[in-house]
Amino acid sequence: LPEGVRVWLVHGVRDDIVPPEDSRILARSGTRGLVRLFEVDDDHPLSATVESGRLIELVRELAAEAA
């Protein structure tokens, strides 16, 4: 990840396409304090996270922090 860039990652722990460990490694490559990894009990397309409204909550949190 580029230095100095705020990045939030959301990864389903039941993802059977991209291993969650890949996102953990990616998160460690960014600027400490600017990168957050949210591991959710979900699959690759984050179906339950979207349906529950949790994904939009995370987007709103990110927007509020950036303001």
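Engineer: Looking at this model, I keep getting lost on the pattern of salt bridges. Mind explaining?
Structural biologist: Close approach of charged atoms allows side chains of opposite charge to pair. Counting across every chain of the model gives 8 salt bridges. Close ionic contact of R6 with E65 constitutes a salt bridge, the shortest N to O distance being 3.3 Å. Taken together, the positions of R6 in the segment before strand 1 (7-12) and E65 in helix 3 (residues 54-66) put the pair 59 residues apart, joining distant regions of the chain. One salt bridge connects E21 with R24, and the closest N-O pair in it is separated by 3.1 Å. Here E21 pairs with R24, and both are found in helix 1 (residues 20-28), just 3 residues apart, close to one helical turn. Here E21 falls in the partly exposed class, since its relative accessible area comes to 34%. Through salt bridges with shared partners, a single network forms among E21, R24, R28 and E39.

Engineer: What's the story with unusual backbone geometry in this structure? I'm lost.
Structural biologist: For residues that are not glycine, phi is negative in most cases, and the peptide bond is trans in most cases. Positive phi outside glycine occurs at L46, with the angle close to 55°. Counting through the fold element by element, L46 comes out in the loop between strand 2 (35-40) and helix 2 (47-52).

Engineer: What should I look at first to understand the pairing of strand 1 in this one?
Structural biologist: For a regular strand, side chains alternate in direction, first toward one face of the sheet and then toward the other. Across the 6 residues that make up strand 1, a large majority, 5, are buried. Handedness of the crossover joining strand 1 and strand 2 through helix 1 is recorded here as right-handed.

Engineer: Whenever I open this one, helix 1 confuses me. Can you help?
Structural biologist: Residues that lie three or four places apart on an α-helix share one face, since the helix turns once every 3.6 residues. Taken together, the buried positions of helix 1 are P20, S23 and A27. For helix 1, the angular spread of the buried residues around the axis is 60°, confining them to a single face. As for helix 1, its buried residues are in contact with strand 1 and strand 2.

Conventions adopted
Residues numbered from 1 in each chain as written. Predicted model: local features only at pLDDT ≥ 70, side-chain atom pairs only at ≥ 80, totals over all residues. Heavy atoms only, no water. Salt bridge = Lys/Arg side-chain N within 4 Å of Asp/Glu carboxyl O. Helix = DSSP H or I, 4+ residues; strand = E, 2+ residues; numbered from the N terminus. Buried < 20%, exposed > 50% of the residue type's maximum accessible area, 1.4 Å probe, protein only. Right-handed = clockwise from strand over helix to strand, strands pointing away. Arc of directions from axis to C-beta. Contact = heavy atoms within 4.5 Å.

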